Amino acid sequence: MTQRASELSGEQRAGAPGRGLTAAEVAERISRGEVNDVPVRSSRSLTEIVRANVFTRFNLIIGVLWVIMLAVAPIQDSLFGFVIIANTGIGIVQEWRAKKTLDSLAVVGESKPVVRRDGKSAAIHTSEIVLGDLIELGPGDKVVVDGTVAEADGLEVDESLLTGEADPVLKKSGDTVMSGSFVVAGGGAFTATKVGREAYAAQLAEEASRFTLVRSELRSGISTILKYITWMMVPTATALVISQLVVKEHNFKDSIARTVGGIVPMIPEGLVLLTSVAFAIGVVRLGRKQCLVQELPAIEGLARVDVVCLDKTGTLTEGGMDVTELRPLGDAEEPYLRRVLAAFGASEPRPNASLQAIIDAYPAPEDGAWTTTGTLPFSSARKYSGAAFTEDGGASSAWLLGAPDVLLSEDDPALAEIGQLNEQGLRVLLLARARGELDAPDAAQGADPAALVVLEQRLRPDAGRTLAYFGEQRVATKVISGDNAVSVGAVAAKLGMEGADHPLDARRMPEDTDEMASAMEQNAVFGRVTPQQKREMVAALQSRGHTVAMTGDGVNDVLALKDADIGVSMGSGSEATRAVAQIVLLNNSFATLPSVVAEGRRVIGNITRVATLFLTKTVYSVLLAVLVVCFQVEYPFLPRHLTLLSTLTIGVPAFFLALAPNKERAHPHFVRRVMRYAIPSGVICAAATFVMYLIARHHYSGTGALDAETSAATLTLFLVSMWVLAIIARPYTWWRICLVAAMGLAFLVVLAVPWLQDFFALKLVGTRMPWTAVGIAVVASVALEYAWRLVGRRFGR
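Residues numbered from 1 in each chain as written. Predicted model: local features only at pLDDT ≥ 70, side-chain atom pairs only at ≥ 80, totals over all residues. Heavy atoms only, no water.

### Section: the packing of helix α23 (residues 639-658) against helix α26 (residues 734-752)
The interhelical angle for the contact between α23 and α26, taken along N-to-C directions, is 160°, at an axis separation of 10 Å. Our classification of the angle between α23 and α26 gives roughly antiparallel. Considering how the two elements wind past one another, α23 and α26 form a crossing that is right-handed. Between α23 and α26, the contacting residues are L644, L645, L648, V652, P653, F656 and L657 on the first element and W735, R736, L739, M743, A746, F747 and V750 on the second. When its residues are assigned to classes, the contact of α23 with α26 shows 13 nonpolar, no polar and one charged. (Axes fitted to C-alpha atoms, helices over the stretch in contact; angles between N-to-C directions. Helix = DSSP H or I, 4+ residues; strand = E, 2+ residues; numbered from the N terminus. Parallel < 35°, antiparallel > 145°, perpendicular 65-115°, else oblique. Left-handed = near helix turned anticlockwise from the far one by under 90°. Contact = heavy atoms within 4.5 Å. Nonpolar A, V, L, I, M, F, W, Y, C, P; charged D, E, K, R; others polar.)

### Looking at the sheet that holds strand β20 (residues 566-570)
Ordered in space as β8-β21-β20-β19-β9-β16-β18-β17, the eight strands form an open sheet in which the pairing is mixed. Looking at which strands have only one partner, the edges of the open sheet turn out to be β8 (291-293) and β17 (504-505). In this sheet, strand β19 (residues 548-552) lies alongside strand β9 (residues 307-310) in parallel orientation, the contact comprising three bridges. Looking at the pairing, V307 lines up with V548 of β19. In the packing of helix α18 (residues 513-522) onto the sheet, the strands contacted are β16 (476-480), β17 and β18 (525-527), and the crossing angle to β16 comes to about 110°. (Pairing = 2+ DSSP bridges.)

### Some thoughts on unusual backbone geometry
P731 follows R730 through a cis peptide bond whose omega is -5°. Mapped onto the elements of the fold, P731 is located in the loop between α25 (705-728) and α26. Its identity as a non-glycine residue notwithstanding, D118 has a phi of 55°, on the positive side. Counting through the fold element by element, D118 comes out in the loop between β1 (114-117) and β2 (120-123). For D118, a relative accessible area of 33% corresponds to the partly exposed category. In this model, Q290 sits at a positive phi of 60°, which is unusual for a non-glycine residue. If you trace the backbone, Q290 turns up in the loop between α10 (269-288) and β8. (Buried < 20%, exposed > 50% of the residue type's maximum accessible area, 1.4 Å probe, protein only.)

### Details of the nonpolar core
Ranked by size, the top nonpolar core spans 82 residues in total, and within it I607, V610, F670 and F747 carry the most contacts. When residues in this core are grouped by element, the largest group, 13 residues, is from α25. Membership of the second largest hydrophobic core comes to 34 residues, among which are V283, A492, A549 and V568. (Core = buried A, V, L, I, M, F, W, Y, C linked by side-chain atoms within 4.5 Å.)

### Remarks on helix α15 (residues 414-423)
For α15, the complete set of buried residues consists of A414, I418, L421 and N422. Seen from one end, α15 has its buried residues packed into an arc of 100°, which puts them on one side. Projecting away from the buried face of α15 at angles above 90 degrees are the exposed residues A416, Q420 and E423. Count one or two residues on from α15 and you reach G425, which has phi positive near 80°. (Arc of directions from axis to C-beta.)

### Remarks on the pattern of salt bridges
The final tally for this structure, using the stated rule, is 22 salt bridges. Across the salt bridge formed by R435 and D448, the nearest N and O atoms sit 2.7 Å from each other. Remark: D448 occurs in strand β15 (residues 448-459) and R435 occurs in the loop between β14 (427-433) and β15; sequence separation between them is 13 residues. In this structure, D514 and R544 form a salt bridge, with 3.0 Å as the shortest nitrogen-oxygen distance. Of this pair, D514 sits in helix α18 while R544 sits in the loop between α19 (531-543) and β19; the two residues are 30 residues apart in sequence, bridging distant segments of the chain. (Salt bridge = Lys/Arg side-chain N within 4 Å of Asp/Glu carboxyl O.)

### Observations regarding the side chain of Q582
With respect to the helices and strands, Q582 occurs in the loop between α21 (575-580) and β21 (583-585). Here the side chain of Q582 touches G567 through a polar contact of 2.5 Å, landing on its backbone nitrogen. (Polar contact = N/O pair within 3.5 Å; in protein donor to acceptor, adjacent residues only side chain to side chain.)

### Some thoughts on the packing of aromatic side chains
Considering all chains together, one arrives at 11 aromatic pairs under this definition. Three or more aromatic residues link up through ring pairs in this structure, and these residues are Y336, W370, F389 and W399. (Phe/Tyr/Trp six-rings, centres within 6.5 Å; stacked < 30°, edge-to-face > 60°.)

### Looking at a nonpolar patch on the surface
On the surface, L46, V50, V54 and F55 cluster together into a nonpolar patch covering about 350 Å² of accessible area. Mapped onto the secondary structure, V50 falls in helix α3 (residues 46-54). (Patch = residues over 30% accessible without salt bridge, like charges linked within 9 Å, V, L, I, M, F, W, Y side chains within 5 Å. Areas by Shrake-Rupley, 256 points an atom, 1.4 Å probe, with all protein chains shown as cover.)

### Comments concerning helix α2 (residues 23-31)
Every buried residue belonging to α2 is among E25, V26 and R29, and all of these are buried. Summarising the axial view, the buried residues of α2 lie within an arc of 100°, below the 170-degree limit, and thus occupy one face. Exposed side chains of α2 directed beyond 90 degrees from the buried face belong to A23, A24 and S31. The first or second residue beyond α2 is G33, which carries a positive phi of 80°.

### Some remarks on empty space enclosed by the protein
All chains considered together, the criterion is met by two cavities of 30 Å³ or more. Here the largest cavity is characterised by a volume of approximately 40 Å³. Along its surface, the largest cavity is lined by L613, T616, K617, Y620, T649, I650, S721 and V724. Among the secondary structure elements, those contributing two or more residues to the lining of the largest cavity are α22 (593-631), α23 and α25. A per-element tally of the lining of the largest cavity places α22 first, with four residues. (1 Å grid on protein atoms, 1.4 Å probe; cavity = no way out; pocket = protein on both sides within 12 Å on 5 of 7 lines; lining within 4 Å. Points joined across faces, edges and corners; volume = space filled by probe spheres on them.)

### Some points on the pairing of β9
Residues of β9 alternate between two faces, with V307 and C309 on one and V308 and L310 on the opposite face, all of them buried. In this sheet, β16 lies alongside β9 in parallel orientation, the contact comprising four bridges. Of the residues in β16, the one forming a bridge with V308 is T477.

### A look at the pairing of β20
Summarising burial for β20: five of the five residues are buried, a large majority. Inspection of the sheet shows β19 paired to β20 by four bridges, in the parallel sense. The partner of M550 across the bridge, within β20, is G567. Alignment of β20 against β21, held across three bridges, turns out to be parallel. Residue M570 lies in a different strand from β21, and its bridge partner there is L585.

### What about the confidence of the model for the protein chain?
For the protein chain, per-residue confidence averages 81 on the pLDDT scale, and 87% of positions sit at 70 or higher. For the protein chain, per-element mean pLDDT is lowest for helix α1 (residues 3-14), which scores 37, and highest for α26, which scores 93. Low pLDDT, under 50, characterises residues 1-16; the predicted model gives this stretch 17 contacts beyond four residues in sequence or across chains. Low pLDDT, under 50, characterises residues 204-214; the stretch is placed with 35 contacts to residues that sit more than four places away or in other chains. (pLDDT = per-residue confidence, 0-100.)

### Considering the packing of α23 against α25
α25 packs onto α23 with a crossing angle of 10° between their chain directions and a minimal axis gap of 9 Å. In terms of axis orientation, α23 runs roughly parallel to α25. Across the interface between the two elements, H641, L642, L645, L648, T649, P653 and L657 of α23 pack against T710, T714, L717, F718, S721, M722, L725 and I728 of α25.

### Some points on the side chain of E391
Relative to the helices and strands, E391 is located in the loop between β12 (384-390) and β13 (396-402). Of the side chains with opposite charge, R433 lies nearest to the buried E391, which makes no salt bridge, at 4.2 Å. What E391 contacts, discounting residues up to four positions off in sequence, is Y336, A369, W370, S397 and R433. (Lys, Arg positive; Asp, Glu negative; His and termini not counted.)

### Points about the environment of S223
Position of S223 among the secondary structure elements: in helix α8 (residues 217-247). Considering only alpha carbons, one finds S223 and V272, 49 residues apart in sequence, at a separation of 8.6 Å.

### Description of the environment of K763
Along the polypeptide, K763 turns up in the loop between α27 (754-760) and α28 (768-795). Apart from the residues lying within four places of it in its own chain, the contact partners of K763 are S711 and Q757.

This is the structure we're talking about:
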C-alpha cells in the first residue's frame, strides 16, 4: 500500500462511517491538486482544427506551386492559391461552429454523480470529485473514478467494457470498482482511490464523447481516391515539367506558368474540405434538433442502416406507467396487498418505472409500522426484485415482484388470464410471497402468487409516424424487449407496426447464429430478451450483411449498443448507454431519428455528386498532361484559365449542391460508383479539348496564336464541363437551373468585358474556331449523355 493510500485509509477511519468527507477535507484535497480535473473534450481544440485543415498533403503541394507562381507570373495566375485559402477558411469556420454546438450539447447531456459529504448527498460535476470522496451508486450509474466499495446492497457491476466479460460481477464491501464499469442492479457507495489522469475514466470518458473523424466508407473512399491520384500525379507532373522546360525551350517564366497550370487541376483539393464542411453542417443542423452526434460518421452510418432494433420501453413508450388494476389471487385480501406494495415501494431508494407507478398508486403510510429487513434489487437477468419485512404485528414476510412467466410454473392457470391482459398491451407484474431467503438462487421456486399488478404504458405520440417512415424507406424495424412477448406485440400493433401480430418469445430463440439470423429476418417483435441475447441478435443480423442500428436507454442495452453499427441512446437514459452510443437524442424523442437518416442521406448523396465533379477534373487534367507530353506541344492553359473553369464548373456549384436536400437512399461502394462516371466524363472532356486545341494550332499562326488557341480550347472545356455539371445537377429544380445558368452567364461576362478578357487572357479570335469549339462541345455532350446512360443501365445509379 502506498503512503497516500495509507493516509487515505487513516483519514477515512477517523471520520464518521458513511458520512463522507467534510468540507475542510475537500478543501485540503483541492489545495493538494487531488481533484478529478481531467478535461472532457467533446470536440477537437481550435489548434487541432486549424492544423487538420491547413497542414494537408495537397495544401503543401499547392502552397509550393503558389509561391512559385507569385514569383514568375502575374497575380491572376496565382488565383488558385486564394481559392485554397478560402476553402481552408470555410472548413475551419464550419468545424469551429460544430465544435461550439457539440460543446454546449455535451454539457446538457452530462450526468452528475451523487457524492456524500458531511452526511448529505449532492450531485456534482465529475471534475469536482476529490480523492477520498464517497460516491453513491444506483442502477444504470457509471463508475466515474476508480475506488473501493464502502457500502453494498445487492450491488452488481457490469465490467464488460473493461474485461469483455458479459456477466455482472457481485460487489461487496472492500471490493474494487473500476471507472468505465456500470451498475446493473442494486446500489451502494464507493470511496474514490484514483482520480484525474490516474483513473481509467480519464481515457474512456474522453473517447466516448470526442468529436471524432473516424473511419467511414465516405472518408476511406476519398482517401483511397487521393492515394491513387498522388501516385498518378507524380510521374505525369514530372513528364510535363520536362516537356515544357526542356523539349519546347520556351520562355522560362511562361514555361513555369504553363507547367503549374497542368499540375494544379490534377489535385481535387476542395473535395476533402467540402466533405468535412458537409459533415460539420450536418452536425450543427442535428444539434439544433437536440441530437448530439458523438462521432461524425454516425450521420453517414445511420443513413446506410437497413435494420433498426428498438427497445420498447423508453423508445416506443414513455418512461412513465400507471397502475390500472390490482387483482388478488387466492385468499389474499386487497387492503393487505396494498400495504405490501406500499412497503415494497418504500424499500427501494432508486425505483424503476414499474415500481414508481406502484409507489404513486400505493404511497407508504406515515406510521412506519412495517420495517424493511432485507431487499433484493431488480436484475434484468432474474426478471424480479424482492423485499423482506417485519410487519406491524411482529410477523415476518418476504415478497417477490416481477415477471409472472418467470415466477409462475408453466402450467399455472393464472398465465391464461395474464396472456389476455398482455394481448391488450398491458404490462402485468406478479406479487408473490417467497418461502425461502431472498438471495437464494432458487428464491422464485415455490413462491405463492398473491396478486397481479396491471400496468399501462404510455405510448409516445410520435412513435407510429416514425415506424411508418422507416417502413417507407425500406428499413426493417425490430422491437426487442425484456417484457412479455405478447404484451410487446400488442404495443407494437397499436403503433401500426407490420409483423406485430406474430411476436416471438426469445427464450425459444435458436442459439445457432445462422438460425437466429433467420428468425430475426422473419419476425419483427421479440419479448423476454436478455441483455446477452440482444447482443447475439445484433451479431446474427450483422452476419447476414445487415447494417444494424440499436436504440435503447437502459443499462441492459449497453452491450447491444456497443456492438451495433450505430448505437442510439435517449438523453434521459443511463450514463452507460450515453457513453457508448454514437448518437444521443437529448430530447428523448424517437421521432428525431428520421432527421438523422435524412441528414446522412443528404451528405452521402451530395458528396457522391460533387466528388464526380472534382474527379472528372482530375481525370481530364491528367489526360491532357499525358497528351501534351506525347504530342510534344505547349500545355494549352495557364493557371488562371483553369482557376476560372474550376470556380464556375466545380467550386461554386459543388458548395451549393453539397448542402442541397437529397433523399436518395445511401448506396455502398462509394469509390466504384464515383469513378464509373468520373472516368468516362474526364476522358470525353480531355479528348474534346485536345482535339479543339490541335485544330486551333493548325488554324492560327503568328503573334498571339497561342493565346487564341488557348481561348478556343478553354471555351470547349468550359462547355463540356458545364454539361457534366448539368447532368450532375439533375433532377432539376428552379434553384438548380438558376445555379447552372448563373455559371454560364458568369463565363459570358468574362468573354464580353474587355478588362476581364485581359485579366484571364481569354479572347476569342474570329468566328470559325469559336463555332468549331461549340460544335465539338455539342458532340462531346452527346457522348457524355450516352456514356452516363450506358453506365446507369449497366450498373444502376
